[in-house]
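Okay, here's what each chain looks like letter by letter:
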Amino acid sequence: MKKSGEKSICIAELQNQILQWQGFKQVERKHDGLGLGELEQAFPGNVFPVGALHEFICGNKEEEAASSGFLGSLLSFLIQKDGVVLWISGSDQLFAPAMTSFGLEPDRIIFVQIQKQKDLLWALEEGLKCTAVKVVVAEIQEINFVQSRRLQLVVEKSQVTGLLLRFQPRVLGATTCAVRWHIRPRPSYVQDNMPGVGFPVWEAELLKVKNGQPSRWQLIWKQGNLLVEQLYKAKVSVSTDKRKVG
């Protein structure tokens, strides 16, 4: 039993070292985490990766709107009572006062509109360098591995969280982002058959997460809380069969 315990500790230390090499730095965990519930259990150490890059893949306008809504709920947990968000976009489609639905004050979000993707990428990098900003959201279509690696080096130093909203990317290649999300809209939740528009509902899928577990949930934003229902969890199986060489 003692050897088994020592082996588990050794494996945990090696996993932490690998995470650090990949740019994922563990933060001091609060007793209740960020408040994302079961959502946090899919990440290494059951900690939501802050000071890292996340990318959100959108295949159509509906998914883009759903992703923006989910980002609003996510920001309410990330900045809580302090912090400023920098939101960089190529259009003015986002209705800033709607952020109050997610407990966010619009005056704590700095909106920057840039047309050219090259300039937007530059603004994204400069925003991630600024330690006065807690989170940077960028609506950027294309980003390659080299560009994402450059941004990862920036967030490793500044510990600013970067959220990349990618609408219909032409190339979905490898990046250094710690997490790749896919958010889909679902019919709103109406309580007690009350008339009107119900609470927002999303299907959130983790397509990729470094040293975590790809999963899928149904999320409901209800009165300042994120209700989480797990729909799928990837199973990691280790084969003990020996493979012939030669």
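Summary of the structure given here. Being a predicted model, the structure only gives us computed values, none of them experimental. (Residues numbered from 1 in each chain as written. Predicted model: local features only at pLDDT ≥ 70, side-chain atom pairs only at ≥ 80, totals over all residues. Heavy atoms only, no water.)

## What about the side chain of Thr176?
Among the structural elements, Thr176 can be located in the loop between strand E5 (161-167) and strand E6 (179-189). Reaching out from Thr176, the side chain makes a polar contact with the backbone nitrogen of Arg149 at a distance of 3.4 Å. Only 3.2 Å separates the side chain of Thr176 from the side chain of Gln152, close enough to count as a polar contact. Those residues in contact with Thr176, other than ones at most four positions away along the chain, are Phe145, Ser148, Arg149, Gln152 and Lys210. (Helix = DSSP H or I, 4+ residues; strand = E, 2+ residues; numbered from the N terminus. Polar contact = N/O pair within 3.5 Å; in protein donor to acceptor, adjacent residues only side chain to side chain. Contact = heavy atoms within 4.5 Å.)

## Overview of the pattern of salt bridges
Within this structure, the stated rule accounts for 13 salt bridges. A salt bridge links Arg180 to Glu55; its shortest N-O distance comes to 2.7 Å. Of this pair, Arg180 sits in strand E6 while Glu55 is found in strand E1 (residues 53-58), placing the two residues 125 residues apart along the sequence. Each member of the pair Arg180 and Glu55 is classed as buried. Between Arg184 and Glu205 there is a salt bridge whose closest N-O contact spans 3.0 Å. Separated by 21 residues along the polypeptide, Arg184 in strand E6 and Glu205 in strand E7 (residues 199-209) bring together distant segments of the chain. Connected through salt bridges with shared partners, the residues Glu55, Glu142, Arg166, Arg170 and Arg180 form a single ionic network. (Salt bridge = Lys/Arg side-chain N within 4 Å of Asp/Glu carboxyl O. Buried < 20%, exposed > 50% of the residue type's maximum accessible area, 1.4 Å probe, protein only.)

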